[in-house]
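Residue strings, one per chain:
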Amino acid sequence: MIKIANIVGARPNFMKIAPIHKRMLQSDQFDPILIHTGQHYDDKMSRTFFVDLGMPEPDLYLGVGSGSHAQQTAAVMIALEKILLEQKPDWVVVVGDVNSTLAAALVASKLHIPIAHVEAGLRSGDRTMPEEINRVLTDAVSDLLFVTEQSGLDNLLSEGIAKEKIHLVGNVMIDSLTEHLEKARESTILSTLKAEPENYALMTLHRPSNVDSQQVFSQILIALQHIQKQIPIIFPIHPRTRKMIDELQLADQVASMDQLVLVDPLGYLDFLHLMSRARMVLTDSGGIQEETTFLGIPCITLRQNTERPVTIEIGTNTLVGVDPAQIIEAAENALNGYQREHTIPPLWDGQASRRIVEILSKV
Ligand code: UD1
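Residues numbered from 1 in each chain as written. Predicted model: local features only at pLDDT ≥ 70, side-chain atom pairs only at ≥ 80, totals over all residues. Heavy atoms only, no water.

Visitor: Looking at this structure, I do not really get the packing of helix α1 (residues 11-26) against helix α7 (residues 172-184). What am I missing?
Guide: How two helices sit against one another is set out by the angle between their axes and by the gap between those axes. Put simply, α1 and α7 touch, their axes get as near as 7 Å, and they point 80° apart. By the angle between their axes, α1 is roughly perpendicular relative to α7. Mapping the contact onto sequence places Met-15, Lys-16, Ala-18, Pro-19, Ile-20 and Lys-22 in α1 and Val-172, Met-173, Asp-175, Ser-176 and Glu-179 in α7. In the contact of α1 with α7, the residues fall into 6 nonpolar, 1 polar and 4 charged. (Axes fitted to C-alpha atoms, helices over the stretch in contact; angles between N-to-C directions. Helix = DSSP H or I, 4+ residues; strand = E, 2+ residues; numbered from the N terminus. Parallel < 35°, antiparallel > 145°, perpendicular 65-115°, else oblique. Contact = heavy atoms within 4.5 Å. Nonpolar A, V, L, I, M, F, W, Y, C, P; charged D, E, K, R; others polar.)

Here is the structure:
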């Protein structure tokens, strides 16, 4: 039996590890344990996802919680080192680019436990983004690098990573999406929010560069002020963003918009349903650029760069930055029915986790 430590920490990790963990549990070759660092700990940021994705409770929970980057990364490292020494897994599997991903990779590499990084090779080229540092460093210490799109492969090769370690396997997030889309359609979230299919925009916003600066956040709000006059905007709000609205004294500006509908963070199935019926999505998330590409929903990304270029090249994604005029123009294009030609990226077929597990079974 191959003993695997599957590591998760924050919301975008859960839908990536779920299909991998499930396949390993079903296989008689693997003995997987699920370790949750506790980087995200609110029910709505964590527990709901385990329920929606049909994932078992974590076998081990580190409970590290929030803190500065150094505090959070260090807390995961200290707690995880002890556990990996006890558990002695043959492989550690990390996903994505959050602080828990890097912390786990660092611990495993010092203990000489081989590391598989799922969603390796993505690069925004923006080193001010905490996730970019996490990606570069995690990839540097990983032994197997599972890539979602061609750019990931090219980036890793240009960084001098050996070709034999890299595998283009597709996108595990799309495994979860395809598995759960039908169930998500049963969600009653549209009627709860009194939203009409194809007649609302869905928005998420949480990146420090957008919500921690008064100047940038206000600019985004100017654009929203305009857009919400034409179409209701449903905005499930990340705890960090809610906190910053208060700290930056933007609450009055937010409250003044009649059709900007703030709701608590949503579970996986409700969010997937809302995304699949939206006229357009406004976001600064990474994963949502990919999910909308798969679903064929226009996505307006409020960032200057993306580590997922395939969503722009062949998907439905448009990068607009944070200039109100550009955000408004992209929203108007979407409202007027302008639809980018799009195709689904190669290997985003719901089978990425099968490929990953197969490769891991042979190393
Ligand atoms: C993290 C990831 C980011 C990912 C995002 C998805 C890093 C560097 N960033 O950002 O890549 O896109 O998750 O959500 O790992 N908080 C709560 N409850 C929670 C979790 C967080 O209230 O369950 C609040 C706390 O005030 C915390 C803040 O959100 O300080 C930020 O949380 P943190 O985990 O540091 O980063 P995220 O912004 O969530």
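Visitor: How should the site of the ligand be read in this particular structure?
Guide: Near the ligand, the surroundings consist of 20 residues, among which Gln-39, His-40, Asn-99, Glu-131 and His-206 are the closest. Interatomic distance of 2.8 Å between a backbone N/O atom of Asn-99 and an oxygen atom of the ligand. Between an oxygen atom of the ligand and a side-chain N or O atom of Lys-243, the distance comes to 3.0 Å. Bound to the protein, the ligand loses 89% of the 750 Å² it would expose on its own. If you list the elements that add at least two residues to the shell around the ligand, you get α1, α3 (69-87), α5 (130-141) and α11 (239-247). Here the element with the most residues in the shell around the ligand is α11; it accounts for 3 residues. No fewer than three residues from each of domain 1 (2-171 + 348-362) and domain 2 (182-335) sit in the shell around the ligand. (Near = heavy atom within 4 Å. Polar contact = N/O pair within 3.5 Å; in protein donor to acceptor, adjacent residues only side chain to side chain. Areas by Shrake-Rupley, 256 points an atom, 1.4 Å probe, with all protein chains shown as cover. Domains from an automatic or database assignment.)

Visitor: Help me out: how do you make sense of the domain arrangement of the protein chain in this one?
Guide: Many analyses report the size of an interface as the accessible area lost when the parts associate. Examined at the domain level, the protein chain breaks down into domain 1 (2-171 + 348-362) and domain 2 (182-335). A straight line from the C-alpha centre of domain 1 to that of domain 2 covers 26 Å. Contact with domain 1, which involves 24 residues of that partner, is made by 21 residues of domain 2. Our count for the domain 1 to domain 2 interface comes out at 4 salt bridges. As a salt-bridge pair, Lys-44 and Asp-264 come within 3.3 Å of each other at their nearest N and O atoms. Applying the counting rule to domain 1 against domain 2 returns 9 residue pairs in polar contact (both at pLDDT 80 or more). Elements with a contribution of two residues or more to the side of domain 1 that touches domain 2: α1, α2 (47-52) and α5. Split by residue class, the side of domain 1 that touches domain 2 holds 7 nonpolar, 6 polar and 11 charged. (Salt bridge = Lys/Arg side-chain N within 4 Å of Asp/Glu carboxyl O.)

Visitor: Would you explain the sheet that holds strand β12 (residues 299-301) in this entry?
Guide: Each strand in a sheet pairs with its neighbour through backbone hydrogen bonds, running either in the same direction (parallel) or in the opposite one (antiparallel). Taken together, 6 strands build an open sheet; the order of strands is β10-β9-β8-β11-β12-β13 and the sheet is parallel. The open sheet has two edge strands with one neighbour each: β10 (260-263) and β13 (317-319). The sheet shows a mean angle of 20° between the axes of neighbouring strands, taken without regard to direction. With 3 bridges connecting them, strand β8 (residues 201-203) and strand β11 (residues 280-283) associate as parallel partners. Looking at β11, one finds that Met-203 is bridged to Leu-282. On top of the sheet, helix α13 (residues 268-276) reaches β8, β9 (233-236) and β11; it is set at about 135° to β8, its chief contact. (Pairing = 2+ DSSP bridges.)

Visitor: Could you clarify how one ought to interpret the side chain of Lys-16 in this entry?
Guide: Residue placement: Lys-16 occurs in helix α1. On the basis of relative accessibility, which here comes to 4%, the residue Lys-16 falls in the buried class. Engagement of the side chain of Lys-16 in a polar contact is seen with the side chain of Glu-119, the distance being 2.9 Å. (Buried < 20%, exposed > 50% of the residue type's maximum accessible area, 1.4 Å probe, protein only.)

Visitor: Teacher, can you tell me more about the sheet that holds strand β6 (residues 144-147) here?
Guide: Taking strand neighbours across the sheet as the criterion, the 7 strands line up as β3-β2-β1-β4-β5-β6-β7 in an open arrangement whose pairing is parallel. Each edge of the open sheet is held by one strand with a lone partner, namely β3 (60-61) and β7 (166-168). Alignment of strand β4 (residues 91-95) against strand β5 (residues 115-120), held across 4 bridges, turns out to be parallel. Pairing of Val-95 across the sheet is with Val-118, part of β5. Contacting β1 (2-8), β4 and β5, helix α4 (residues 99-110) crosses the sheet at an angle of about 160° to β4.

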